[in-house]
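Reading the structure
Chain by chain, the residues:
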Amino acid sequence: MEPFLELEGISKAYPGVQALSDVSLSVAPGEVIGLIGENGAGKSTLMKILGGVTEASAGAIRIDGESRKALKVEEATAAGIAFVHQELNLFDNLDAAANVFIGREPRTPFLKLIDRKRLNAAVQPLMDRLGLDFAPDTSVAELSIAQRQLLEIIKALSLDARVVIMDEPTSSLTMSETRRLLSVVDELKRNGVAIIFISHRLNEVQECADRVVVLRDGRISGRLDGGEITHERMIRLMIGRDLKSLYTPPAAPAGEAMLELAGFRTAAFPESAVDLALRRGEILGLAGLIGAGRTELARALFGIDRPLGGTIRLGGRNVSVKSPDEAIALGIYLIPEDRKQSGLILDDTITANISLANIRAFASSGLVSTALEEKNAAAQCRALRIKAPGVSTIVGSLSGGNQQKVVLGKWLSMKPRILIFDEPTRGIDVGSKNEIYALMRGLADNGVGVLMISSDMEEVVGVSDRMAVMHEGTIAGILTRDRFSEEAVMQLAVGHSGGDGSHTTH
Amino acid sequence: MLKKDLGLLILLIVVAGIVAFLNPRFISPINLSNTANLVGLFGLISIGQGFVIITSGIDLSVGSMLALLGVIFIDLLTTYQMNWALAVIVIVLAGTGLGCIHGFLITKLKMQPFIVTLCGLLLYRGIARWYTDDATAGFAFGQSFPSLEWLTTGRVHGVPLTFVVFVLIAIVMGVVLHRSVFGRHLFAVGRNEEAARYSGIKSERVIAATYIILGALSGLSSIYFAMYTRSISPASHGTFYELYAIAAAVLGGCSLRGGEGSVFGIVLGTMLLQVLQNLVNLLGIPSSLNFAVMGAVILIGVLADQQLVKYRNQRAAARARGALATGDKAQAAE
């Protein structure tokens, strides 16, 4: 089919950065284009230009043959360009239908009040089309992230979208929700809607994309069609080199159990208990569906929430953790899921963030020595290869990967015994991901117990030495490397017992 | 020193210069001494309020607390004939205790600071009026406390001791805020409480501590105010003083969003407010316009600060663009 939307030679310069140079892309009805690239490769900038949020420095946008230099937001919407954002743009306090028609609600003839009847009637068919099983007047606050995302797609459809741009749509979805989303992509495609699918999850791109466009350093580094779309080729184009296999075996076989949980219960699943042992020198992956209670387990272990019951044994000794500072005193550290909210003070410097948990170490008689602090921060920056102009750089201005390294730096300067990573590489580019995996392995080899919660199948299968799969607040099974497979994890995660001996016994 | 503080210092000097030019009486020793005295009186509660604001909290009860603690103080000295030193300790402890209650309600019972301290404002004022039967509390005829009076209203070479005490406390609080572990925790909690908690900082304790510090400073301040006015009419003593303290802190660079502020800024903010009060008197502006002048200056000050920051950012961006453009040209020439 003829493309209706074409970008020709788009370039964009920001102060100090050439974000895009000479990028051309055409979109035809009913095709799914995978757009991939490391963070900072220019994907977001390209999409901002398409959405009319920013203007290109050079190049043209051609819609239905009509060429123009830049789009305004309204023009982009009118041209049928719709976004499903990574950070969702819905109003929690309104219901589903109201969100879809926000700003263009049907009005009653008298008094011009909102016409609920017509509103719901307009939304219902769209909801049916995507198979949404909640009522149009359900409050958005009650919807899951996956349902919210589908709602965003409905909003796009209600605007007669011709191309829907999905930015990391599956980053917070469970496996089954991801399947559902991919089937919606398929449905849209059959109806002639084009999709630009931006994702770090190459499996999904491989599965749904008709063709893949790869950006690297603001340029198109390659295009792949149909059968050419393979992991190796995508990764090679993204990073410009071959990726070694993710897995690096440990230097020595795992030692004695460092951290043992018995009958450990959290408020998320008061009826279910977790029994788990983390051994010295291993990376224990904790897989499962989102909402299986993994983050709650981590939070309780770190003292953010109080566990309802059970025991924690650290190095063979019973310990209790009532608050994060107690966990920290024991050497149990958490790298939280939500880096920007819980992990970092974004508008503070690298130094301040790295010394945050340990300021007393840089103080004598209560007064902080800035020099000592900065020395430590600089050492961490070097060791972790944090890319920043200096230690006084504001953390919020760093890329996701470097931000995560700052969180790591905070704990690494404090001699961890147990390090819990919750979704360690969410929203991080491939290069930084591998550095973080290498760091994890290095820590494990130095005798730190590493517990890695991950919903990224590639990651949890590729990095862990052993894997525990959680299902509804309990450990559904433990897998050793020889039994690692996506299939095995899925089986356990959805609650099918994984066959012989996969249930854990202690 | 922060750029913000420097700007405020310049503003203070400019305003003072203009006032001095228009009415030389402004720089007469007696006027400077009186202004310094008022800066000292209001400065203590402003610093305390600043700490609370850095945690993105607020304390509206300060003015009523000054009235309540003030009448109790006078009562302790007159009715109960208590030793003045003991009475001072009792009052400072009482202020600390009220701060503890605020801190407890806000951190442990998760009430909003605005509501807790608004109720404090009403409660303490009401209790003060009930305690005195709405009568003015004052010292008995002929009663005098030479040491206490020297410590609170005395002057050394014309410098009021209130100002000296204020400067000493400001230095201590400045070190606490900008150099100590507690200060670092305070800023961390103000900027992102959750991240602070995830780093093992006991954020509740830090927040409660700021209300306790403010309570203690209010207690001390209530004694200074009582000795300054010598008599307290519980219905009006200290009304709006919490707002002066908030105004001084905000003018001094504290953001109500939390995580921002400096003790030096708060000191400058307090000084500027007092100079403005003084200006109204000295320049023959009707004293009824007092509040209006203050309101206008704070509004313009905060607005100017924001615009300046915006302008600076724009200039930085333009410079970076310029550098990039020359880089491009250089590339094209190759």
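Bringing the overall build of chain A into the picture now. In terms of helices and strands, chain A carries 17 helices and 22 strands. For chain A, the spread of C-alpha atoms along the principal axes amounts to about 70 × 55 × 50 Å. Looking at the 506 residues of chain A, the share that counts as buried comes to 54%. Pairs at least 24 residues apart make up 65% of the contacts formed inside chain A by residues separated by at least 6 positions. When the accessible surface of chain A is summed, it comes to about 21100 Å², and 50% of that surface belongs to carbon and sulfur atoms.

The next point concerns the sheet that holds strand β21 (residues 466-471) of chain A. All names here are of chain A. An order of β16-β19-β20-β13-β21-β22 is seen for the 6 strands of this open sheet, with the pairing classed as mixed. Two strands in the sheet have a free side with no partner beyond their single neighbour: β16 (332-335) and β22 (474-480). With strand direction ignored, the average angle separating the axes of adjacent strands in the sheet is 20°. As paired strands, β16 and strand β19 (residues 418-422) are joined by 4 bridges and run parallel to one another. Bridge pairing in β19 places L334 opposite I420.

All names here are of chain A. Its location among the elements puts K433 in helix α15 (residues 430-445). Classification of K433 by relative accessible area gives buried; the value is 12%. The residues contacting K433, other than those within four sequence positions of it, are T425, I428 and D456.

All names here are of chain B. On the surface, L6, I10, V14, I18, F21, L22 and L283 cluster together into a nonpolar patch covering about 680 Å² of accessible area. By secondary structure assignment, the location of V14 is in helix α1 (residues 3-22). Taking the relative accessible area as the measure of exposure, V14 reaches 44% and is therefore partly exposed.

All names here are of chain A. In spatial order, the strands read β6-β7-β8-β3-β9-β10; together these 6 strands make up an open sheet with mixed pairing. The sheet is open, and its two edges are formed by β6 (81-84) and β10 (219-225), each paired on a single side. The average angle at which neighbouring strand axes cross in this sheet is 20°, direction not considered. Examined bridge by bridge, β6 and strand β7 (residues 163-167) share 4 bridges and lie parallel to one another. Bridge pairing in β7 links A82 to V164. Sitting on the sheet, helix α8 (residues 231-239) touches β3 (32-36), β9 (211-216) and β10, and the angle it makes with β9 is about 25°.

Glancing now at the packing of aromatic side chains. Applying the stated criterion across every chain, the model contains 12 aromatic pairs over all chains. Note on B:F163 and B:F166: the rings are 6.3 Å apart at their centroids and 55° apart in plane angle, and the pair reads as tilted. Highlighted residues: B:F163 and B:F166, both in helix α7 (residues 161-179), separated by 3 residues, approximately one helical turn. Consider the rings of B:F240 and B:F291, whose centres lie 5.3 Å apart with planes at 75°: the pair is edge-to-face. Of the two residues, B:F240 sits in the loop between β4 (231-232) and α11 (241-251) while B:F291 sits in helix α13 (residues 290-333), which places them 51 residues apart along the sequence. Within the aromatic cluster, the residues linked to one another by ring pairs are B:F42, B:F225, B:F240, B:Y241, B:Y244 and B:F291. In this structure, A:R481 is placed above the aromatic ring of A:Y247, and the distance from its NZ or CZ to the ring centre is 3.5 Å.

Residue and element names in this part refer to chain A. Contact geometry of helix α4 (residues 116-129) with helix α5 (residues 145-158) gives a least axis separation of 10 Å together with a crossing angle of 120°. If you check the angle between α4 and α5, you find them oblique. Where α4 crosses over α5, the handedness of that crossing is right-handed. Mapping the contact onto sequence places L126, M127 and R129 in α4 and I154, L157 and S158 in α5. Looking at side-chain class alone, the contact of α4 with α5 contains 4 nonpolar, 1 polar and 1 charged residues.

Reading the values: rules and limits
Residues numbered from 1 in each chain as written. Chains lettered and ligands numbered in written order. Predicted model: local features only at pLDDT ≥ 70, side-chain atom pairs only at ≥ 80, totals over all residues. Heavy atoms only, no water. Helix = DSSP H or I, 4+ residues; strand = E, 2+ residues; numbered from the N terminus. Buried < 20%, exposed > 50% of the residue type's maximum accessible area, 1.4 Å probe, protein only. Contact = heavy atoms within 4.5 Å. Areas by Shrake-Rupley, 256 points an atom, 1.4 Å probe, with all protein chains shown as cover. Pairing = 2+ DSSP bridges. Axes fitted to C-alpha atoms, helices over the stretch in contact; angles between N-to-C directions. Patch = residues over 30% accessible without salt bridge, like charges linked within 9 Å, V, L, I, M, F, W, Y side chains within 5 Å. Salt bridge = Lys/Arg side-chain N within 4 Å of Asp/Glu carboxyl O. Phe/Tyr/Trp six-rings, centres within 6.5 Å; stacked < 30°, edge-to-face > 60°. Lys NZ or Arg CZ within 6 Å of the ring centre and 35° of its normal. Parallel < 35°, antiparallel > 145°, perpendicular 65-115°, else oblique. Left-handed = near helix turned anticlockwise from the far one by under 90°. Nonpolar A, V, L, I, M, F, W, Y, C, P; charged D, E, K, R; others polar.

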